[in-house]
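The lines below spell out each chain.
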Amino acid sequence: MAVTFSDLHTEQGVKSVEEHLAGKTYISGDQLSVDDVKVYAAIVEKPSDAFPNASKWYDCVASHLAKSFPGKAVGVSIGGSAAAAPAQAEAPAADDDDDMDLFGDETEEEKKAAEERESAKKDTKKPKESGKSSVLMEVKPWDDETDMKKLEECVRAVEMPGLLWGASKLVPVGYGIKKLTIMLTIVDDLVSPDNLIEDYLTCEPNNEYIQSVDIVAFNKI
């Protein structure tokens, strides 16, 4: 049976997750699923100690997502602009790393999502009603000088029948760079995630802000 949460940007919304996770490790079942990723993306920040179940679950999901980045983490504290200045001063050799791939290779989650999309394309033998899918995308900027607010505006400005943008959040990557993770719901017969990326998100004028887009999770609704 589907679980419904609302207003996850509020304390009341986080409380509903806290109560749901009582005696549980994940939102649905005994393994990490796209349900966990959807709820994680909708929560603005890590729940406080007042919500121990939700806080522990949030750390667990964050740990799984962090596996997308194989580089060794040294610990980055993301605060105001004043706190960011020392980190930039400690990276004088950044100009020599223009070709560095900060986002790592394709993860197991991305491979699984790609396989599910290919399977959905091939399953056209029997006529059926148009279904919907929930997709989690990672939108990556060119560098730390990219205006992430403008980047998100470019993403949400893409409109078409069967496409509904959902919750989003900025996730630190390293070297002062953040990526945008964003949920979307699509009508399968009307919207192709691959065409959305190639024909809209990564072409002009959006490619002024967007370097690349990856599909992290793809799940039939």
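Analysis parameters
Residues numbered from 1 in each chain as written. Predicted model: local features only at pLDDT ≥ 70, side-chain atom pairs only at ≥ 80, totals over all residues. Heavy atoms only, no water. Axes fitted to C-alpha atoms, helices over the stretch in contact; angles between N-to-C directions. Helix = DSSP H or I, 4+ residues; strand = E, 2+ residues; numbered from the N terminus. Parallel < 35°, antiparallel > 145°, perpendicular 65-115°, else oblique. Contact = heavy atoms within 4.5 Å. Nonpolar A, V, L, I, M, F, W, Y, C, P; charged D, E, K, R; others polar. Core = buried A, V, L, I, M, F, W, Y, C linked by side-chain atoms within 4.5 Å. Buried < 20%, exposed > 50% of the residue type's maximum accessible area, 1.4 Å probe, protein only. Salt bridge = Lys/Arg side-chain N within 4 Å of Asp/Glu carboxyl O. Phe/Tyr/Trp six-rings, centres within 6.5 Å; stacked < 30°, edge-to-face > 60°. Expected span 1.5 Å × (residues − 1). Arc of directions from axis to C-beta. Polar contact = N/O pair within 3.5 Å; in protein donor to acceptor, adjacent residues only side chain to side chain.

Caption draft 1: How the structure looks around the packing of helix H2 (residues 34-42) against helix H3 (residues 52-66). It is at 10 Å that the axes of H2 and H3 come closest, and there the two elements cross at 105 degrees. As the angle between them shows, H2 and H3 are arranged roughly perpendicular. Facing Asp36, Val39 and Tyr40 of H2, the residues of H3 in contact are Trp57, Tyr58, Val61, Ala62 and Leu65. Looking at side-chain class alone, the contact of H2 with H3 contains 7 nonpolar, no polar and 1 charged residues.

Caption draft 2: Representation of the nonpolar core in the model. Grouped together as the largest cluster of nonpolar side chains are 25 residues, with contacts concentrated most on Met137, Val155, Leu163, Trp165, Leu196 and Leu201. Those elements giving two or more residues to this core turn out to be strand S1 (132-141), helix H6 (148-156), strand S2 (163-174), strand S3 (177-187), helix H7 (193-201) and strand S4 (210-220). With residues up to four places along the chain from it excluded, the contact list for Leu201 reads Met137, Val155, Val158, Trp165, Leu196, Asn206, Asn207, Ile210 and Val213. Listed in part, the 13 residues of the second largest apolar core include Val17, Ile43, Trp57 and Val61.

Caption draft 3: Layout of the pattern of salt bridges. Applying the stated criterion across every chain, the model contains 6 salt bridges. Taking the shortest distance from any N to any O, the salt bridge between Glu138 and Lys179 comes out at 2.7 Å. Taken together, the residues span a long stretch of sequence, with Glu138 in strand S1 and Lys179 in strand S3 at a distance of 41 residues. With a relative accessible area of 5%, Glu138 lands in the buried category. Among the ionic pairs, Asp214 bridges to Lys140, the shortest N-O distance being 2.2 Å. Taken as a pair, Asp214 in strand S4 and Lys140 in strand S1 lie far apart in primary sequence, 74 residues in all. On the basis of relative accessible area, Lys140 is assigned to the buried category, the value being 4%.

Caption draft 4: View of the packing of aromatic side chains. Tallying each qualifying case throughout the model produces 1 aromatic pair. Judged by centre distance (4.6 Å) and plane angle (35 degrees), the rings of Tyr40 and Tyr58 are tilted. On the criterion of sequence distance, the pair formed by Tyr40 in helix H2 and Tyr58 in helix H3 is long-range, its members being 18 residues apart. There is no split in this pair, since Tyr40 and Tyr58 are both buried.

Caption draft 5: Representation of H3 in the model. The terminal C-alpha atoms of H3 lie 21 Å apart, and with 15 residues this matches the ideal 21 Å at 1.5 Å per residue to within 8%. Of the positions making up H3, those classed as buried are Ala54, Ser55, Trp57, Tyr58 and Val61. Here the buried residues of H3 occupy an arc of 165 degrees about the axis, which is enough to place them on one side. Residues of H3 that are buried sit in contact with helix H1 (11-20), H2 and S2.

Caption draft 6: Structural context of the side chain of Ser133. Tracing the chain through its elements places Ser133 in strand S1. Look at Ser133 and you get buried, because its relative accessible area is 0%. A polar side-chain atom of Ser133 sits 2.7 Å from a polar atom in the side chain of Asp188. With sequence-adjacent residues up to four places away left out, Ser133 is seen in contact with Leu184, Thr185, Ile186, Asp188, Phe218, Asn219, Lys220 and Ile221.

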